[in-house]
Amino acid sequence: MGRVSQHPLRRTPVQQRSADRLARILDACAELLDICGYEELSTRAVAQRAGVPIGSLYRFFGNKRALVEALGHRNLDRYTERIAVRLAPLAAGDWRGAVDVMLDEYLAMKRTAPGFALIDFGGQVPVGAPVADPNDEVADRLVHLFSVHQGRAPDADLRRAVLVAVEAADALLQLAFRLGESGDEGIVEEARRLLRAYLAQVLDAPTAQP
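Calculation rules
- Residues numbered from 1 in each chain as written.
- Predicted model: local features only at pLDDT ≥ 70, side-chain atom pairs only at ≥ 80, totals over all residues.
- Heavy atoms only, no water.
- Phe/Tyr/Trp six-rings, centres within 6.5 Å; stacked < 30°, edge-to-face > 60°.
- Helix = DSSP H or I, 4+ residues; strand = E, 2+ residues; numbered from the N terminus.
- Buried < 20%, exposed > 50% of the residue type's maximum accessible area, 1.4 Å probe, protein only.
- Core = buried A, V, L, I, M, F, W, Y, C linked by side-chain atoms within 4.5 Å.
- Contact = heavy atoms within 4.5 Å.
- Expected span 1.5 Å × (residues − 1).
- Polar contact = N/O pair within 3.5 Å; in protein donor to acceptor, adjacent residues only side chain to side chain.
- Salt bridge = Lys/Arg side-chain N within 4 Å of Asp/Glu carboxyl O.

Colleague: I keep staring at the packing of aromatic side chains and nothing clicks. Help me out?
Modeller: What describes a pair of aromatic rings is the distance from one ring centre to the other and the angle between the planes of the rings. For the structure shown, the criterion picks out 6 aromatic pairs. Considering the side-chain rings of Y79 and F121, the 5.2 Å spacing of their centres and the 45° angle between planes classify their relative orientation as tilted. In this pair, Y79 sits in helix α4 (residues 64–87) while F121 sits in the loop between α6 (116–119) and α7 (134–150), placing the two residues 42 residues apart along the sequence. When sorted by exposure, Y79 lands in the same class as F121, which is buried. Pairwise contacts between aromatic rings join Y79, Y106, F116 and F121 into one cluster.

Colleague: What's the story with the nonpolar core in this structure? I'm lost.
Modeller: In this structure, Y79, I83, M102, L142, F146 and V162 are the most contacted members of the largest nonpolar core, which totals 37 residues. If we ignore the near neighbours within four places in the chain, the residues touching M102 are Y79, I83, L87, L142, L145 and F146. Listed in part, the 24 residues of the second largest apolar core include V46, F60, F61 and L71.

Colleague: Whenever I open this one, the environment of A176 confuses me. Can you help?
Modeller: Positionally, A176 belongs in helix α8 (residues 156–179). Between the C-alpha atom of A176 and that of A191, which follows or precedes it by 15 residues, the distance is 9.2 Å. With residues up to four places along the chain from it excluded, the contact list for A176 reads G183, D184, I187 and V188.

Colleague: Mind showing me how you'd approach α7 here?
Modeller: Within an α-helix, residues lying three or four positions from one another point in the same direction, as the helix has 3.6 residues per turn. Compared with the 24 Å implied by 1.5 Å per residue over 17 residues, the 24 Å span of α7 between its first and last C-alpha is a close match. Residues of α7 that are buried: P134, N135, V138, A139, R141, L142, V143, L145, F146, S147, H149 and Q150. Close packing links the buried residues of α7 with α4, α5 (95–112), α8 and α9 (185–203). Once α7 ends, the next one or two residues include G151, with phi positive near 65°.

Colleague: I tried to follow unusual backbone geometry on my own but got confused; where do I start?
Modeller: Negative phi values dominate among residues other than glycine, just as trans dominates among peptide bonds. We note that D120 has phi near 30°; this positive angle belongs to a residue other than glycine. The residue D120 is located in the loop between α6 and α7 in this model.

Colleague: Help me understand α4 in this model?
Modeller: Under the 1.5 Å per step criterion, the end-to-end length of α4 is 35 Å for 24 residues, consistent within 8% with the ideal 34 Å. Two or three places before R65, at the start of α4, stands the capping residue N63, its side-chain oxygen 3.2 Å from that residue's backbone nitrogen.

Colleague: For this particular structure, what's the right way to read the pattern of salt bridges?
Modeller: Between side chains of opposite charge, pairing is possible as soon as their charged atoms come close. Under the criterion given, the structure shown has 17 salt bridges. A salt bridge links E69 to R65; the nearest nitrogen and oxygen atoms lie 3.2 Å apart. Taken together, the residues E69 and R65, both in helix α4 and 4 residues apart, mark about one turn of the helix. The class for R65 is partly exposed, based on a relative accessible area of 28%. Close ionic contact of R192 with E189 constitutes a salt bridge, the shortest N to O distance being 3.3 Å. Of this pair, R192 and E189 both sit in helix α9, separated by 3 residues, roughly a single helical turn. The exposure class assigned to E189 is partly exposed, which follows from its relative accessible area of 35%.

Shown next as structure tokens:
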């Protein structure tokens, strides 16, 4: 299981038994999101599906919003981990391949991960604006992965370019999944072309030597 960010949690699990219980709660939340959506989701239903007392759920989460935020954080952790594994065998200069990995892993999770179609990394929770835009954290994670894979400093130009790419991809992929349950392939490919053309301005540019 990926690391669950501590921000939405009342208590961080220390023992493996508590960590397993937290994982079951988040799994149950994800499954119920696919069944009933956010508005009909309840902490009691999540606890029942996870097979834990409601008090155990409240040890970790004060309300269902915190629960769903934690699921979004876990999704991002798992996404990052999957990308890191797939980037390892790619040549350092193959940033286009890296972009494909990042896009393809998102599509795979969108199509198969429970609850992901609604919550992904937290940006679609229908309870008002989040404290911080999840796309900022997504961009930070991808900047780190890019900088390690490409062997270049995570400077302001790279951070700006990746953030713009994340925002553009987010908008286009929302469109793709509005047009098709599994994502309209034509729109997905247009998103891929757009990302490659835009990021080439930064990632193909010569970097200053220290």
